[in-house]
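# Chain and residue survey
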Amino acid sequence: MSSSDIFIGETIGTALLILLGGGVCAAVTLKASKARNAGWLAIAFGWGFAVMTAVYVAGPLSGAHLNPAVTVALAIKSGDWSHAPVYFAGELLGAMIGATLVWVAYYGQFHAHLTDKEIVGGPGAQATTAKAVEAQEKGAGPVLGVFSTGPEIRNVVQNLATEIIGTIVLILAVLTQGLNDKGNGLGILGGLITALVVVSIGLSLGGPTGYAINPARDLGPRIVHALLPLPNKGGSDWSYAWVPVVGPLIGGAIAAGIYNVAFA
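A brief look at the structure comes next.

The rules behind these values
Residues numbered from 1 in each chain as written. Predicted model: local features only at pLDDT ≥ 70, side-chain atom pairs only at ≥ 80, totals over all residues. Heavy atoms only, no water. Helix = DSSP H or I, 4+ residues; strand = E, 2+ residues; numbered from the N terminus. Buried < 20%, exposed > 50% of the residue type's maximum accessible area, 1.4 Å probe, protein only. Contact = heavy atoms within 4.5 Å. Phe/Tyr/Trp six-rings, centres within 6.5 Å; stacked < 30°, edge-to-face > 60°. Polar contact = N/O pair within 3.5 Å; in protein donor to acceptor, adjacent residues only side chain to side chain. Patch = residues over 30% accessible without salt bridge, like charges linked within 9 Å, V, L, I, M, F, W, Y side chains within 5 Å. Areas by Shrake-Rupley, 256 points an atom, 1.4 Å probe, with all protein chains shown as cover. Salt bridge = Lys/Arg side-chain N within 4 Å of Asp/Glu carboxyl O. Core = buried A, V, L, I, M, F, W, Y, C linked by side-chain atoms within 4.5 Å.

Turning our eyes to something else, we now look at the environment of Gly235. Take Gly235: it is sitting in the loop between helix 11 (215-227) and helix 12 (243-262). Looking at Gly235, the relative accessible area reads 31%, which means it is partly exposed. On a C-alpha basis, the gap between Gly235 and Ala27 in space is 21 Å, while along the polypeptide they are 208 residues apart. If sequence neighbours within four positions are ignored, Gly235 has contacts with Gly139, Ala140, Gly141, Leu144 and His225.

Using the criterion set out here, one finds five aromatic pairs in the structure. Taking 5.8 Å as the distance between ring centres and 65° as the angle between the ring planes, the aromatic pair formed by Trp103 and Tyr107 counts as edge-to-face.

On to the environment of Pro221. Within the secondary structure, Pro221 sits in helix 11. Expressed as a C-alpha distance, the spacing of Pro221 and Gly251, which sit 30 residues apart in the sequence, is 21 Å. Non-local contacts of Pro221, meaning those with residues more than four positions away in its chain, are made with Ile18, Ala95, Ala99, Phe147, Ser148 and Ala216.

Within helix 3 (residues 68-78), eight of the eleven residues are buried, which leaves it mostly tucked inside the rest of the structure. Of all the residues in helix 3, the buried ones are Pro68, Ala69, Val70, Thr71, Val72, Ala73, Leu74 and Ala75. Tucked inside the fold, the buried residues of helix 3 contact helix 4 (84-105), helix 9 (156-178), helix 11 and helix 12. For helix 3, the N-terminal capping position is held by Asn67, with its side-chain oxygen 2.8 Å away from the main-chain nitrogen of Ala69. Phi turns positive, to about 80°, at Gly79, one or two residues after helix 3.

Together, Phe7, Ile8, Ile12, Val57, Leu61, Leu93, Ile97 and Leu101 make up a nonpolar patch on the protein surface, roughly 580 Å² of accessible area in all. Here Val57 is to be found in helix 2 (residues 40-62). The partly exposed category is assigned to Val57, whose relative accessible area is 39%.

Attention shifts here to the nonpolar core. In terms of nonpolar packing, the biggest core is built from 56 residues, with Trp47, Phe110 and Phe147 touching the most fellow members. Residue contacts for Phe147: discarding those within four places in its chain leaves Ala99, Phe110, Arg217, Pro221, Val224, His225, Leu228 and Leu230.

Moving on, we get to the side chain of Thr162. In this structure, Thr162 sits in helix 9. Look at Thr162 and you get buried, because its relative accessible area is 15%. With residues near it in sequence (within four places) discarded, Thr162 still touches Leu205, Pro208 and Thr209.

Another aspect to go through is the pattern of salt bridges. Applying the stated criterion to the full structure yields three salt bridges. Of the charged contacts, one joins Arg154 and Asp237 as a salt bridge, the two residues approaching to 2.8 Å between their closest N and O atoms. Here Arg154 is found in the loop between helix 8 (144-147) and helix 9, whereas its partner Asp237 is found in the loop between helix 11 and helix 12, with 83 residues between them in sequence. According to the relative accessible area criterion, Asp237 is buried, its value standing at 4%. Asp218 is the salt-bridge partner of Arg222, the closest N and O atoms lying 2.6 Å from each other. Taken together, the residues Arg222 and Asp218, both in helix 11 and four residues apart, mark about one turn of the helix. Here the two residues Arg222 and Asp218 agree in accessibility, since each one is buried.

Right under this line is the structure:
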């Protein structure tokens, strides 16, 4: 694969991943959305189908890493880091494009949500359960969860451990079941397997932190949240932003080490 194919494939694939994954978060979160309050099950399956779609689109071009943790794991497995920077660049750019497209698709819903006094407060606002939950996320605006992850209980050690554990599960599944014949990315059957594993991680391990398990998936949309002209959007919670970046990278490296010791 050429560097241009890798960059284009990762940009398109990661954009689709975030468009559909962030889209289901927007659908469940935002007022005036037909899917509002559809729940965690919808989010878990939405992200799983997002992974499947993105893998099948990007696979022929780049191998569909779509995740710096996958790129790190495959580089450790093979010992070849030559294309890693290109993968990282495509993944981050694609994630930012996908997050921007979510904003475009839900433009009216974002405006309705962020101008509702029950959501953002103000004169005449009443205390609601939603506001009480949002108040727990100091530094996080009321729609940040559409773009990026955040912990239910802010404990750095636990939050980091949760992201590491979830990513280890994901990467071990990719390395043992998901790779194409060349071993440089996800295959056709591997895309389906990985999508189902993402659903499983979301249902079983996603509750504490929102299961980023992908540094680009969290960092790219968080940057977009900080830049978009959203009214009353609040903070982007940069004090937490390192956890869903460092945790998955550590998890990917550990999973690759386990694979090299136990399976290679």
